[in-house]
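Understanding the architecture of this molecule
Each chain, written out:
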Amino acid sequence: MRAAWCVLTLGLALVNPVNASPAGSDNQITDNVIASVHASGPRQWLARMSHAIKEVNYQGVLVFGNDRLWHTMAISHAMVDGVEYEKISHLTGHPREIIRVGQDVSCTHPDDQALRMYDQTANLLSGIDPDLPALGSYYQIRQARSERIAGRDALQIQVVPNDTFRFGQNLWLDKETGLLLRSDLVDQSRQVIERYQFAEIRIGQSIPSTEFDAPPDSHQYVSHLGASAATALIQHQQDWYPDWVPPGFTRSTESDATAGAALLYSDGLSAFTLFVDQVEQDSMPDMSRRWGATAAVVRHQRAGERRMRITVVGELPMATAKRIALSVRYAGNHPISER
């Protein structure tokens with residue numbers, strides 16, 4: 001999410017040091033297992049993709065962007081002894097690098113942009129659970145034409161929403177491994193809003209573990225929200241809630257957003273975050289803005305003497321984000337009013 005003033009930064013828990021054996025030493029076995037999976041229908045292809053994203057070794061150059069801005073990143077991924085290794089290096093803009101070993105994330109960057117771009121890339125590479133309940137209730141899955149992506153034969157899978165409250169996706173999967181090579185987020189008219197695509201990729205090669213060594217000036221990110229703070233935050237947030245969310249969206253995560261509270265809602269494919277924080281009189285006005293696929297809506301309410309800012313940020317149609325923001329209610333003892 002690109003708005004610096006309302007970014008929710010989620011840390012990841014530290015894990016024990018991983019085995020230092022060469023990354024990819026067991027990759028040939030993994031590739032053979034994945035290649036043996038029979039993928040006939042679109043759900044079977046999605047299942048194959050979800051395995052390939054986690055288990056296949058690959059290195060490549062990925063482009064990400066929309067009609068206003070493009071980024072280029074180099075990505076390396078390997079699986080060894082059940083642990084994922086991943087490195088993302090930004091080739092445009094400020095030099096930034098993110099290295100993940102299991103759930104241990106280290107970043108080298110001049111500002112907070114690296115984590116936001118890491119979250120965006122991780123969302124792409126996380127795949128789609130073919131057993132996700134929302135797929136059957138709120139989306140249709142279609143198998144479409146084949147194309148060549150990054151010099152490899154790829155099959156297109158379309159994920160089409162049944163309503164206007166969420167975006168759809170077009171996915172291109174490598175025919176040999178099932179790996180995701182391209183992903184387009186599309187609107188109701190099937191126009192591309194945002195795209196990830198490999199420009200070049202090498203699949204199945206052994207990658208040495210030294211490729212994933214974090215530089216000495218990198219920073220580790222861990223969750224800063226302890227159990228007692230989380231309990232207090234949940235109690236605080238119970239006073240504020242959206243009276244309407246799109247069908248299929250459920251609350252999945254609470255976190256500290258420095259100045260207030262935040263709730264993450266998702267249907268498994270689309271997601272949005274609701275921020276609630278107290279502000280002074282001279283805070284920003286009500287507004288609606290879009291950055292690529294991300295919509296942000298800000299409005300204000302009064303609860304007694306407190307002036308609260310309601311912010312909804314997510315990869316949703318603007319009309320959906322506005323409807324959610326306008327539905328937010330205060331369930332406490334004080335009457336509420338606009339502004």
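In what follows, the structure referred to is the one given above.
The residue numbers shown here count from 1 along each chain, following its written sequence. For this predicted model, a pLDDT threshold of at least 70 governs which residues receive local features, and a threshold of 80 or more governs which side-chain atom pairs are given and counted, while totals over whole chains, interfaces and linings are taken from all residues. Hydrogens and water molecules were not included; the side-chain quantities draw on all heavy atoms of the structure.

What follows deals with the pairing of strand 18 (residues 306–314). The element strand 18 is extensively covered by neighbouring structure, given that eight of its nine residues are classed as buried. With seven bridges joining them, strand 15 (residues 271–278) and strand 18 adopt antiparallel strand pairing. Bridged to glutamine 278 within strand 18 is methionine 308. Across nine bridges, the pairing between strand 17 (residues 294–303) and strand 18 is antiparallel. Residue pairing across strands places histidine 300 opposite arginine 309, the latter belonging to strand 18. Between the antiparallel neighbours strand 17 and strand 18 lie two residues, among them glycine 304 with a positive phi of about 65°. The classification of residues rests on relative accessible area computed with a 1.4 Å probe and restricted to protein chains. Under 20% of the type maximum is buried, over 50% is exposed, and intermediate values are partly exposed. What counts as a helix is a DSSP run of H or I of at least four residues, what counts as a strand is a run of E of at least two, and both are numbered from the N terminus. Strands pair, by our definition, only if DSSP identifies at least two bridges between them.

This part covers the pattern of salt bridges. Any carboxyl oxygen of Asp or Glu that lies within 4 Å of a side-chain nitrogen of Lys or Arg is treated as forming a salt bridge with it. Scanning the model with the defined rule gives 13 salt bridges in all. For the salt bridge of aspartate 267 with arginine 166, the shortest nitrogen-to-oxygen distance reads 2.9 Å. Placement of the pair is aspartate 267 in the loop between strand 14 (260–266) and strand 15 and arginine 166 in the loop between strand 7 (152–161) and strand 8 (168–174), with a sequence separation of 101 residues. The exposure class of aspartate 267 is buried, given its relative accessible area of 4%. We classify arginine 166 as buried; its relative accessible area is 2%. The salt bridge involving aspartate 184 is made with arginine 182; its shortest N-O contact spans 2.8 Å.

Before going further, it helps to spend a moment on the environment of serine 288. Structurally, serine 288 is set in strand 16 (residues 287–291). The sequence separation of serine 288 and arginine 299 amounts to 11 residues, and the corresponding C-alpha distance is 8.8 Å. Not counting the four nearest positions on each side in its chain, serine 288 is found in contact with Ala296, Val297, Met318 and Lys322. By definition, residues are in contact when any of their heavy atoms lie within 4.5 Å.

This next bit is on the side chain of asparagine 57. Positionally, asparagine 57 belongs in the loop between helix 2 (42–55) and strand 1 (58–65). Polar contact is the term for a pair of N or O atoms within 3.5 Å; when the atoms are in protein, one must be able to donate a hydrogen and the other to accept it, and sequence-neighboring residues count only if both atoms are side-chain atoms. A polar atom in the side chain of asparagine 57 sits 3.3 Å from the backbone nitrogen of methionine 79.

This part is about the packing of aromatic side chains. To pair, rings of Phe, Tyr and Trp, with the six-membered ring standing in for Trp, must have centres within 6.5 Å; the planes then decide the type, stacked if under 30 degrees apart, edge-to-face if over 60, and tilted in the middle. If you walk through the whole model with that rule in mind, you get seven aromatic pairs. Ring geometry for phenylalanine 249 and phenylalanine 272: centres 5.7 Å apart, planes at 40°, overall tilted. Placement of the pair is phenylalanine 249 in the loop between strand 12 (240–242) and strand 13 (250–256) and phenylalanine 272 in strand 15, with a sequence separation of 23 residues. Phenylalanine 249 gets classed as buried once you look at its relative accessible area, which sits at 6%. Residue class for phenylalanine 272 comes out buried when judged on its relative accessible area of 0%. Chaining the aromatic ring pairs together yields one cluster made of Phe249, Tyr265 and Phe272.

Soluble globular proteins tend to pack their nonpolar side chains together in the buried interior. Residue types Ala, Val, Leu, Ile, Met, Phe, Trp, Tyr and Cys, when buried and joined through side-chain atoms within 4.5 Å, form a set referred to as a nonpolar core. Leu46, Met49, Tyr58, Leu135 and Leu171 are the most contacted members of the largest nonpolar core, which has 36 residues in total. In terms of residue count, the dominant contributor to this core is helix 2 (five residues). In terms of nonpolar packing, the next biggest core, distinct from the first, is built from 21 residues, Leu263, Val276, Val312 and Val328 among them.

On to the environment of leucine 135, then. Examined against the element boundaries, leucine 135 turns out to sit in helix 4 (residues 133–138). Leucine 135 gets classed as buried once you look at its relative accessible area, which sits at 1%.

For helix 6 (residues 318–327), the complete set of buried residues consists of Met318, Thr320, Ala321, Ile324, Ala325 and Ser327. Check the buried side of helix 6 and you find it contacts strand 12, strand 15, strand 16, strand 17, strand 18 and strand 19 (328–330).

With respect to the helices and strands, threonine 108 occurs in strand 5 (residues 104–108). Note: C-alpha distance between threonine 108 and alanine 214 (106 residues apart in sequence) is 8.6 Å. Every residue in contact with threonine 108, bar those within four places of it in the chain, is listed here: Pro95, Arg96, Glu97, Pro215, Asp217 and Ser218.

Here the focus is the side chain of arginine 166. In terms of polar contacts, arginine 166 uses its side chain to reach the side chain of aspartate 163, at 2.8 Å. A polar side-chain atom of arginine 166 sits 2.9 Å from a polar atom in the side chain of aspartate 267. Setting aside chain neighbours within four positions, we find arginine 166 in contact with Tyr138, Tyr139, Pro161, Pro246, Pro247, Phe249, Asp267, Ser270 and Pro317.

Turning our attention to unusual backbone geometry. Backbone geometry places aspartate 81, a non-glycine residue, at a positive phi of 50°. Accessibility expressed as a relative area gives 47% for aspartate 81, which makes it partly exposed. In the Ramachandran plot, alanine 150 falls in the positive-phi region, its phi being about 55° despite a non-glycine side chain. The residue alanine 150 is located in the loop between strand 6 (139–149) and strand 7 in this model.

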